[in-house]
Amino acid sequence: MAEKKTPLQQLSEKILLKKKHAKALLNQKDIDSLAKKYVQFISEQKTEREVINKVKKQAIAHKFTNLLEAKKLVVGGTYYYAVNEKNIALIRYQDMKKIHAIASHADSPCLHLKPYPLAETQKLAVLKTHYYGGIKKYQWLNIPLSLRGVAYTQKGRVDFSIGDNPTDPVFTIPDLLPHLGRDQLQKEARKLVEGEQLNAIIGSDEVDDDAVSEKVKLSIAKHLYETYGLTEEDFISAELSFVPAGNAREVGFDRSMILGYGHDDRSSVFTSMQALLDAKKISQTQIVLVYDKEEIGSYGKTGAQNMFFTHLIEELIQRSQSDTTPSAVWRNTKVLSADVTSAIDPNFADVHDPTNANYLGRGVALEKYGGGGGKYSTSDADAEFMHALITLFNTQKVPWQTGENGKIDVGGGGTIAMFLAKWGADVVDIGIPVLAMHAPYELAHKADVYSAYLAYKAFFEHALK
Ligand code: MN
Ligand code: MN
């Protein structure tokens, strides 16, 4: 027979927060079926263009139509609005009185090619890179790399994806052997390998002609020209990157986690898109926004500091034929800035305050603010918006947690929330916690991915005051 709880035990249960495992509220079958689709999504899509194009393709398969071709919006109608394979919005239109939007980014850290990438050095052909985003450079050595992206030749567009098909070759940047690494190992870690050393080896055979000076380089250039019509000049306009090769994998005896490239931030793209496609009740206009360039500060035509969202609102006002104003729309818009955050790591626990940290497997992380020490570079959501979301998640049984992105004075990081907040909408940060963020392979928990999906679906299906 269960012993009767003491009054203080009962009080404790009532007023103190117990952080439970996300699975206490979830069904394993649901977690697994979404995780399967998610693993496929991040294994196949490895550049921002590929992600945006996939989102667009999924939307069209679900009968979304081009917003710019809609003369008058239909209640319950579904539309997409895309810019340059770099930004996309999916819209389920209700009215212009209230909008719930979820914004994420499709770009992930990787190694872009330099304008003149092709070189022969020490009798090997290499492609020289310029890393994109905040990486620990040494992590990108000694792993199989896949070459992805788009180039324009005299004959037209060529889409590259070499290294992920099991029969494909891969590319790699070898590290120095330990036997000769004595001096290297004395260096501080950020200088173990420098930007100019991130040259990937792509070939070693040479052409058979002593009249040519760089025979290995020419051999590869010849291959690129004969196979793709690509000349050295075509690299200048191309957008080609090395990304980690191979599929995302399950981790652990219990298969509870996922090791994969680009959880940051394709987990948010995938779960917000899936939530919009699956949302049943429509209480207000629902929008999914996907940005580019977050990893380098959200600048440029397709970063979140641009006018993509404001232009979208203009288009919606005009095509809804309502007499509302942009400022009225912004006042009644609520935005989830969906991005990953850091989870506390058993091997590096000292960079977090364990009381205010996010834990793998404890649900989607809702964070009032991001940034670093002194709360710089963040938007800091209002108590009212936070409380409304927490109430929603609790009533809808969404596993959620909260934490800070590391100890106050240790570091920190920003996302796009502050850029989205400037027009007057309520904005808050939310996303899954990950380990090894920005590494070629990041670690995430399947139950957190599912919790994010549930949170986004609840946000789409319910009106908040
Ligand atoms: Mn991110
Ligand atoms: Mn990032």
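Residues numbered from 1 in each chain as written. Chains lettered and ligands numbered in written order. Predicted model: local features only at pLDDT ≥ 70, side-chain atom pairs only at ≥ 80, totals over all residues. Heavy atoms only, no water.

Here we take up the packing of aromatic side chains. All chains considered together, the criterion is met by twelve aromatic pairs. With a centroid separation of 6.4 Å and 90° between ring planes, the pair formed by Phe309 and Trp423 is classed as edge-to-face. You can see Phe309 sitting in helix α7 (residues 308–320) and its partner Trp423 sitting in the loop between α10 (417–420) and β20 (426–431), a full 114 residues away along the chain. Counting every residue linked through ring pairs, the aromatic cluster contains Tyr38, Phe41 and Phe270. A cation sits over an aromatic face here: Lys375 above Tyr369, 3.8 Å from the ring centre. (Phe/Tyr/Trp six-rings, centres within 6.5 Å; stacked < 30°, edge-to-face > 60°. Helix = DSSP H or I, 4+ residues; strand = E, 2+ residues; numbered from the N terminus. Lys NZ or Arg CZ within 6 Å of the ring centre and 35° of its normal.)

With that out of the way, let us pick up the coordination of the manganese ion (ligand 1). Only His105 (NE2), Asp264 (OD), Asp339 (OD) and Asp339 (OD) from the protein coordinate the manganese ion (ligand 1), and they sit 2.1 to 2.4 Å from it. Written as a sequence motif, the donor residues of the manganese ion (ligand 1) are H-x158-D-x74-D. In this structure, the manganese ion (ligand 1) lies 3.3 Å away from the manganese ion (ligand 2), the two metals sharing Asp264 as a donor. Of the two residues, Asp264 is situated in helix α6 (residues 263–278) and Asp339 in the loop between β14 (333–338) and β15 (341–342); the sequence distance between them amounts to 75 residues. As far as the burial class goes, Asp264 and Asp339 line up, both buried. (Donors = N, O, S within 2.8 Å, 3.2 Å for Na, K, Ca; no water. Buried < 20%, exposed > 50% of the residue type's maximum accessible area, 1.4 Å probe, protein only.)

To continue, consider the coordination of the manganese ion (ligand 2). Coordination sphere of the manganese ion (ligand 2), protein contribution only: Asp264 (OD), Glu295 (OE), Glu295 (OE) and His438 (NE2), at 2.1 to 2.4 Å. Binding-site remark: the manganese ion (ligand 2) is held by donors from one chain whose sequence spacing is D-x30-E-x142-H.

Two elements in contact, helix α9 (residues 383–395) and helix α11 (residues 446–461), have axes separated by 10 Å at closest approach and are oriented at 110°. As far as their axial angle goes, α11 and α9 are roughly perpendicular. Residues Phe385, Leu389, Leu392 and Phe393 of α9 lie in contact with α11, whose contacting residues are Ala455, Ala458 and Phe459. Taken together, the residues of the contact of α9 with α11 break down into seven nonpolar, no polar and no charged. (Axes fitted to C-alpha atoms, helices over the stretch in contact; angles between N-to-C directions. Parallel < 35°, antiparallel > 145°, perpendicular 65-115°, else oblique. Contact = heavy atoms within 4.5 Å. Nonpolar A, V, L, I, M, F, W, Y, C, P; charged D, E, K, R; others polar.)

Here we take up the domain arrangement of the protein chain. Here the protein chain is described as being made up of domain 1 (19–108 + 261–461) and domain 2 (110–244). Computed over C-alpha atoms, the centres of domain 1 and domain 2 are 33 Å apart. Counting residues at the interface gives 22 residues for domain 1 and 17 residues for domain 2. Overall, the association of domain 1 and domain 2 removes approximately 1,500 Å² of surface from exposure, summing both partners, and the carbon and sulfur fraction of that is 48%. On the surface where domain 1 and domain 2 come into contact, there are five salt bridges. Of the charged contacts, one joins Arg148 and Glu50 as a salt bridge, the two residues approaching to 2.7 Å between their closest N and O atoms. (Domains from an automatic or database assignment. Buried area = accessible area lost by both parts, 1.4 Å probe. Salt bridge = Lys/Arg side-chain N within 4 Å of Asp/Glu carboxyl O.)

To continue, consider the sheet that holds strand β12 (residues 257–260). With antiparallel pairing, the three strands of this open sheet are ordered in space as β11-β12-β22. Across the chains shown, the open sheet's two edge strands, defined by having one partner strand only, are β11 (249–251) and β22 (442–445). Shown here is a sheet whose adjacent strand axes are inclined to one another by a mean of 35°, direction ignored. Bridging between β11 and β12 involves three bridges; their strand directions are antiparallel. Looking at β12, one finds that Glu250 is bridged to Ile258. (Pairing = 2+ DSSP bridges.)

What follows is about a nonpolar patch on the surface. Together, Leu8, Leu11, Ile15 and Leu16 make up an exposed nonpolar region whose accessible area comes to about 440 Å². Mapped onto the elements of the fold, Leu8 is located in helix α1 (residues 7–15). (Patch = residues over 30% accessible without salt bridge, like charges linked within 9 Å, V, L, I, M, F, W, Y side chains within 5 Å. Areas by Shrake-Rupley, 256 points an atom, 1.4 Å probe, with all protein chains shown as cover.)

This part covers the sheet that holds strand β10 (residues 239–244). In spatial order, the strands read β8-β7-β10-β5-β6-β9; together these six strands make up an open sheet with antiparallel pairing. If you trace the sheet from one side to the other, it starts and ends with β8 (156–162) and β9 (199–203), each paired once. Pairs of neighbouring strands in the sheet enclose a mean axial angle of 30°, with direction left out of account. Bridge analysis of strand β7 (residues 145–153) against β10 gives six bridges, and the strand direction is antiparallel. The residue of β10 that forms the bridge with Gly149 is Leu240. The sheet strands contacting helix α4 (residues 215–228) are β5 (110–121), β6 (124–132), β7, β8 and β9, and the helix crosses β5 at an angle near 125°.

Geometrically, the link from Asp264 to Asp265 is a cis peptide bond, its omega value of 10° lying close to zero. Summarising the element assignment, Asp265 is placed in helix α6. Phi at Lys123 takes a positive value of approximately 65°, unusual for a residue other than glycine. Mapped onto the elements of the fold, Lys123 is located in the loop between β5 and β6. Of note, the phi angle at Lys397 is positive, near 55°, even though the residue is not glycine.

With that settled, the discussion passes to the nonpolar core. Counting residues in each nonpolar core, the largest one holds 59 residues, and the members touching the most others are Leu90, Leu336, Leu389 and Tyr456. If you tally residues by element for this core, the top one is α11, at eleven residues. (Core = buried A, V, L, I, M, F, W, Y, C linked by side-chain atoms within 4.5 Å.)

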